[in-house]
Amino acid sequence: MNEGRRRAGRPAVLTTERVVTAAIEVLDAEGLDALTMRRLGARLGVAAMSLYRHVPNREALLAEVVNRLFTEAMTGHAPDAAWQRALAGFAVAYRRVLLAHPQAVPLLATHPVDVDLGIELLTELLTRFEAVGIARCEAITAVQSVTVYVLGHALAQVGTPPAPGDEAAAAFFDQWFDTGLSAMVTGFEHKLAD
């Protein structure tokens, strides 16, 4: 028997990773309301009850999705040496992931990233602030404020997305985002210089 093929009738091995990946696929294709344990089980070809070995309930599943998408935003993101550019780069990377998963934006806007995971993923960014003597609590405030701005802007954009091919509308959202982000970073630059 070919080792690369499963025996007929035998379900694929489930992992938390596979469950979360499938959850994001359902979310992207059908929206948050469609993301039920039953729907997810159907997508994976298993009974919904088997999912509970990997996530205890839907809320835990949503938390895993939020954490995965935030991790995706931070993967490969190397902050610039200057905290101002590092903060702006973080915002751009996060927005990119949000716009790649528009159905997930309301979820990320209402479900916080796990605090410990967030701090771990943002350590490099936070050290850019600390390198110039900015206290960690002030750096966290700046990062959280920019995060909320990115989420709010993404909500506005996915709530009234430009029509496919509407370059002017897409450019408007980009210009609006860039202008607001620049104002926020400049504001923190002045505030943190005091």
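Residues numbered from 1 in each chain as written. Predicted model: local features only at pLDDT ≥ 70, side-chain atom pairs only at ≥ 80, totals over all residues. Heavy atoms only, no water.

The name recorded for the chain in an unreviewed UniProt entry is TetR family transcriptional regulator, from Nonomuraea purpurea.

Relative to the assigned elements, arginine 128 resides in helix α6 (residues 115-130). Arginine 128 sits in the buried class, given a relative accessible area of 18%. A distance of 3.0 Å separates a polar side-chain atom of arginine 128 from the backbone oxygen of aspartate 80. At a separation of 3.1 Å, a polar atom in the side chain of arginine 128 contacts the main-chain carbonyl oxygen of glutamate 124. (Helix = DSSP H or I, 4+ residues; strand = E, 2+ residues; numbered from the N terminus. Buried < 20%, exposed > 50% of the residue type's maximum accessible area, 1.4 Å probe, protein only. Polar contact = N/O pair within 3.5 Å; in protein donor to acceptor, adjacent residues only side chain to side chain.)

Right, let's get into the UniProt feature "DNA-binding region" (unreviewed entry) in the chain. Mapped onto this numbering, the UniProt entry gives "DNA-binding region" (unreviewed entry) at residues 36-55. As annotated, residues 36-55 has a helix share of 40% and a strand share of 0%, and its two end C-alpha atoms lie 12 Å apart. (UniProt positions renumbered as here; feature names shortened; annotations may be inferred.)

With that settled, the discussion passes to the side chain of histidine 77. Within the secondary structure, histidine 77 sits in the loop between α3 (58-74) and α4 (83-100). Engagement of the side chain of histidine 77 in a polar contact is seen with the backbone nitrogen of phenylalanine 90, the distance being 3.4 Å. Among residues more than four places away in sequence, those in contact with histidine 77 are Ala86, Gly89, Phe90 and Ala93. (Contact = heavy atoms within 4.5 Å.)

Along the chain, leucine 107 falls in helix α5 (residues 105-110). Ignoring anything within four residues of it in the chain, the contact list for leucine 107 reads Leu27, Leu32, Leu62, Val65 and Val66.

On to the packing of aromatic side chains. Applying the stated criterion to the full structure yields eight aromatic pairs. Between phenylalanine 172 and phenylalanine 173, the aromatic rings sit 5.7 Å apart at their centres with planes inclined by 70°, giving edge-to-face as the arrangement. Here phenylalanine 172 falls in the partly exposed class, since its relative accessible area comes to 46%. Under the relative-accessibility criterion, phenylalanine 173 is labelled buried at 6%. Taken together, the aromatic side chains of Phe70, Phe90 and Tyr94 make up a single cluster linked through ring pairs. Directly above the ring of phenylalanine 177 sits arginine 95, whose terminal nitrogen or CZ lies 4.5 Å from the centroid. (Phe/Tyr/Trp six-rings, centres within 6.5 Å; stacked < 30°, edge-to-face > 60°. Lys NZ or Arg CZ within 6 Å of the ring centre and 35° of its normal.)

Two side chains bearing opposite charge may form a pair once their charged atoms approach each other closely. Within this structure, the stated rule accounts for seven salt bridges. A salt bridge links arginine 43 to glutamate 25; its shortest N-O distance comes to 3.1 Å. With a gap of 18 residues between them, arginine 43 in helix α2 (residues 37-44) and glutamate 25 in helix α1 (residues 16-30) connect regions that are remote in the sequence. You can call arginine 43 partly exposed: its relative accessible area is 38%. A relative accessible area of 36% means that glutamate 25 is categorised as partly exposed. (Salt bridge = Lys/Arg side-chain N within 4 Å of Asp/Glu carboxyl O.)

Grouped together as the largest cluster of nonpolar side chains are 54 residues, with contacts concentrated most on Leu40, Leu87, Phe90, Tyr94 and Phe129. Looking at this core, the elements with two or more residues in it are α1, α2, α3, α4, α5, α6, α7 (136-159) and α8 (167-193). Once residues within four sequence positions are removed from consideration, phenylalanine 90 is found in contact with Phe70, Met74, His77, Leu122, Leu125, Val143, Val146 and Thr147. (Core = buried A, V, L, I, M, F, W, Y, C linked by side-chain atoms within 4.5 Å.)

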